[in-house]
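Chains, contacts and geometry: an overview
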Amino acid sequence: MGLGGLLGAAAQAHEDWPLRSEGRFRYFGLHVYDARLLAPQPLNAERWAEQAFALELVYARELKGQRIAERSLDEMRRQGELAPEQAERWLAALKTAFPDVREGDRLRGVHEPQQGARFWHNGQPRPGQLDREAAARFFGIWLHPATSEPGLRKRLLGL
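Presented here is an overview of the structure given in this document. (Residues numbered from 1 in each chain as written. Predicted model: local features only at pLDDT ≥ 70, side-chain atom pairs only at ≥ 80, totals over all residues. Heavy atoms only, no water.)

A short note on unusual backbone geometry
- Its identity as a non-glycine residue notwithstanding, F28 has a phi of 50°, on the positive side.
- By the element assignment, F28 lies in the loop between β1 (19-27) and β2 (30-38).
- Not every positive phi belongs to a glycine, and N122 is a case in point at roughly 50°.
- Position of N122 among the secondary structure elements: in the loop between β5 (116-121) and β6 (124-125). (Helix = DSSP H or I, 4+ residues; strand = E, 2+ residues; numbered from the N terminus.)

Some points on helix α4 (residues 132-143)
- The end-to-end C-alpha distance of α4 is 15 Å, a good match for the 16 Å that twelve residues give at a rise of 1.5 Å each.
- Taking burial as the measure, the twelve residues of α4 include nine buried ones, the bulk of the element.
- Among the residues of α4, those classed as buried are A134, A135, R137, F138, F139, G140, I141, W142 and L143.
- Two to three positions downstream of the cap, the backbone nitrogen of E133 sits 3.2 Å from a side-chain oxygen, assigning the N-cap of α4 to D131. (Expected span 1.5 Å × (residues − 1). Buried < 20%, exposed > 50% of the residue type's maximum accessible area, 1.4 Å probe, protein only. Polar contact = N/O pair within 3.5 Å; in protein donor to acceptor, adjacent residues only side chain to side chain.)

Some words on the sheet that holds β2
- Ordered in space as β1-β2-β3-β4-β5-β6, the six strands form an open sheet in which the pairing is antiparallel. Both edges of this open sheet fall to β1 and β6, since each of them pairs with a single strand only.
- Of the strand pairs in this sheet, β1 and β2 are connected by eight bridges, and their pairing is antiparallel. Bridging across to β2, Y27 finds its partner in L30. (Pairing = 2+ DSSP bridges.)

Concerning the layout of surface pockets
- Its volume calculated, the largest pocket comes out at about 590 Å³.
- Lining of the largest pocket is provided by 28 residues; of these, F25, V32, Y33, L63 and R71 occupy positions nearest its centre.
- In terms of residue count, the dominant contributor to the lining of the largest pocket is helix α2 (residues 65-76) (five residues).
- In the lining of the largest pocket, the residues fall into 18 nonpolar, four polar and six charged. (1 Å grid on protein atoms, 1.4 Å probe; cavity = no way out; pocket = protein on both sides within 12 Å on 5 of 7 lines; lining within 4 Å. Points joined across faces, edges and corners; volume = space filled by probe spheres on them. Nonpolar A, V, L, I, M, F, W, Y, C, P; charged D, E, K, R; others polar.)

Remarks on the packing of α2 against α4
- At a minimum axis distance of 8 Å, the contact between α2 and α4 shows a crossing angle of 95°. Between α2 and α4, the interaxial angle falls into the category roughly perpendicular. Contact with α2, carried on its side by S72, E75 and M76, involves A134, R137, F138 and I141 of α4 and no other residues of that element. (Axes fitted to C-alpha atoms, helices over the stretch in contact; angles between N-to-C directions. Parallel < 35°, antiparallel > 145°, perpendicular 65-115°, else oblique. Contact = heavy atoms within 4.5 Å.)

Some details on the packing of helix α3 (residues 84-97) against α4
- Following both chains from N to C, one finds α3 and α4 inclined at 70°, their axes separated by 11 Å at the closest point. Here α3 is positioned roughly perpendicular relative to α4, judged by the angle of their axes. Facing α3, whose interface residues are Q86, W90 and L94, α4 presents E133, A134, R137 and F138.
- When grouped by side-chain class, the residues that make up the contact of α3 with α4 number four nonpolar, one polar and two charged.

With respect to helix α5 (residues 150-157)
- Of the positions making up α5, those classed as buried are L152, R153, L156 and L157. Mapping the buried residues of α5 onto a view down its axis gives an arc of 120°, with all of them on the same face.
- The elements touched by buried residues of α5 are β1, β2, β3 (53-59) and α4.
- Just downstream of α5, G158 is the residue with a positive phi angle, here 70°. (Arc of directions from axis to C-beta.)

Now the structure itself:
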């Protein structure tokens, strides 16, 4: 098997990871998505950024990919300041990774602690990757103590 095949096989390993937890996100009472955390082992609440896992969002409504990317960057800023040029790079990667979604669509982000993050839409790989720091900030939207949704964080981390 060539290098491309090995990388492809490694990148798809997340498909076999067991479901560890899930929770529903509502915005002003409206069901927006269900979040599902998959991982080869349970996540450590304090060391999640050092572990491999996948976070899948199953959307309950139609949303524009650009808006998902912009909102993601807003939430990433909750964890600390971002230099403008860094924010621009990350936003460009998020806009590339996130398509428009409809009810029932699945967006999955796979956290690879030594590499960063890759994304899938309805099981198909997406362009646009995040480096390690951006990936930690992105998944911190749900898993960092500064999340805007502490109840969902507790459900996902099993706290």
